[in-house]
Amino acid sequence: MKKLILFLILSILFCTNIFAEKIVLERKLTNHVQRYYDKRWFDESGTVKIYANEFTSDNGKEKFGWAYAIESNMLNKADNNETSTPKSFNSETESPLMYYIADGRFYIGYVWTNGYTSEVTTTHVFYDFDLEDGYGLYFMFAYATAVNSLLTYDNKITFKEVYDTDGHNKFYTNDSVPDFSFYTGNFPGYKEYSAAKFENNNKKESQKYRTIRIRLVKDMATKNSRTAGKLIADNLKSKGLWKAKSCMFAGDGTTLGKHGPNEGVITCWYEPFYEYGDLSRGLEEKSNKNLLIDYKKLTAKKVLQ
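Since the model is a prediction, treat every value here as computed from it, not as a measurement. (Residues numbered from 1 in each chain as written. Predicted model: local features only at pLDDT ≥ 70, side-chain atom pairs only at ≥ 80, totals over all residues. Heavy atoms only, no water.)

## Looking at the confidence of the model for the protein chain
- Averaged over every residue, the pLDDT of the protein chain is 84; the share at 70 or more is 80%.
- In this model residues 12-18 is a low-confidence stretch, pLDDT under 50, and it forms 14 contacts with partners more than four residues away in sequence or in other chains. (pLDDT = per-residue confidence, 0-100. Contact = heavy atoms within 4.5 Å.)

Here is the structure:
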């Protein structure tokens, strides 16, 4: 059975993943989470594995990658499948949850794409974390992304706190000006991956690479992305990521899916907030909430080929 599972993992997107450094992030996870709309409960019990493509730059100082598959008992049982078969994440052409590593920092964000070589937006919002926390936080983000549709019918995940106790915005991002960028053509493995992708898909257009322009979530008071990243990481590391019945308050930026406000959100907002002079209930005061995932420090392991 173990050999069969490994074969299935290595077969996922094989033709387009052969030149990546395939890695796995894995940890034991136990939770009991309710889907409020139909009052159905879902459980995760056992080892969850997240598989990612990772590429290293010419100079060996930068890396980037994205998750392409997950092994999750919760997802399999939801499909009435009792075996640990991997589920696919969004591919590179479908807005992947990407990470970028450089200068001792670990950046995480969604790259909103419009196909293989272009983006929907001119810049993409990323969070700025310490390298030592990076893979552990990426696991939390990726797991929440994988189970969100099942648990909330696609309500937006709210990873950051937006308002302080005076109703002021804690964080901001510039709408158009990138803080920095990286060019995917500077990663040799990605160049081979890209060439194989075009060849295998019988593409007639020439091979292309993207410049991914990143703007960072910053602390409003300090204008510093590391300060913002520390505040968010400290919350995630100390309290975890929760599924809550409702958003923190009206107008908090939460977009709603199929069943709207009846379904709740996955969030890391914890304390009460003031908005327009009224106190909004914090997560600790909510009766309907379930811990989705806590933090654990992780290291990347190579997938044997």
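## Some thoughts on the nonpolar core
- Membership of the largest hydrophobic core comes to 69 residues, with the highest contact counts inside it found for Tyr138 and Tyr143.
- The greatest single-element share of this core, amounting to 12 residues, is contributed by helix α4 (residues 131-152).
- Excluding residues within four positions of it along the chain, tyrosine 138 makes contact with Leu25, Trp66, Ala67, Leu97, Met98, Tyr99, Phe106 and Ile108.
- Among the nonpolar cores identified, the runner-up in size contains five residues, and Val24, Tyr51, Tyr68 and Val303 belong to it. (Core = buried A, V, L, I, M, F, W, Y, C linked by side-chain atoms within 4.5 Å. Buried < 20%, exposed > 50% of the residue type's maximum accessible area, 1.4 Å probe, protein only. Helix = DSSP H or I, 4+ residues; strand = E, 2+ residues; numbered from the N terminus.)

## Comments concerning α4
- Here α4 contains 22 residues, and its C-alpha end-to-end distance of 30 Å stays within 8% of the 32 Å for a straight helix at 1.5 Å per residue.
- The axis of α4 is deflected most strongly, by about 40 degrees, at alanine 146.
- Of all the 22 residues making up α4, 17 are buried; the element is thus mostly covered by neighbouring parts of the structure. (Expected span 1.5 Å × (residues − 1). Bend = angle between axes of the 7 residues up to and from the residue.)

## Examining helix α6 (residues 225-239)
- In a regular helix each residue adds 1.5 Å, so 15 residues correspond to 21 Å; α6 covers 21 Å between its end C-alpha atoms and thus fits that length.
- Every buried residue belonging to α6 is among Ser225, Ala228, Gly229, Ile232, Ala233, Asn235 and Leu236, and all of these are buried. Each buried residue of α6 lies within a common arc of 155 degrees when the element is viewed along its axis, so the set occupies one face. Residues of α6 that are exposed and point more than 90 degrees away from the buried face comprise Lys230 and Ser238.
- Here the buried face of α6 lies against β7 (124-130), α4, β8 (171-172), β10 (211-216), β11 (218-219) and β12 (241-244).
- Just beyond α6, the residue with positive phi is glycine 240, at close to 90 degrees. (Arc of directions from axis to C-beta.)

## Quick word on the environment of threonine 152
- Note that threonine 152 resides in helix α4.
- Residue class for threonine 152 comes out buried when judged on its relative accessible area of 0%.
- Placed 92 residues apart in sequence, threonine 152 and alanine 244 show a C-alpha to C-alpha distance of 9.8 Å.
- When near neighbours in sequence (up to four residues on either side) are disregarded, threonine 152 contacts Lys243, Glu263, Gly264, Val265 and Ile266.
- Engagement of the side chain of threonine 152 in a polar contact is seen with the backbone nitrogen of aspartate 154, the distance being 3.2 Å. (Polar contact = N/O pair within 3.5 Å; in protein donor to acceptor, adjacent residues only side chain to side chain.)

## Comments concerning the side chain of glutamate 71
- One can find glutamate 71 in strand β3 (residues 63-71).
- Look at glutamate 71: it is buried, it has no salt bridge, and the nearest opposite charge is lysine 49 at 4.8 Å.
- A distance of 3.0 Å separates polar atoms of two side chains, one belonging to glutamate 71 and the other to tyrosine 51. (Lys, Arg positive; Asp, Glu negative; His and termini not counted. Salt bridge = Lys/Arg side-chain N within 4 Å of Asp/Glu carboxyl O.)

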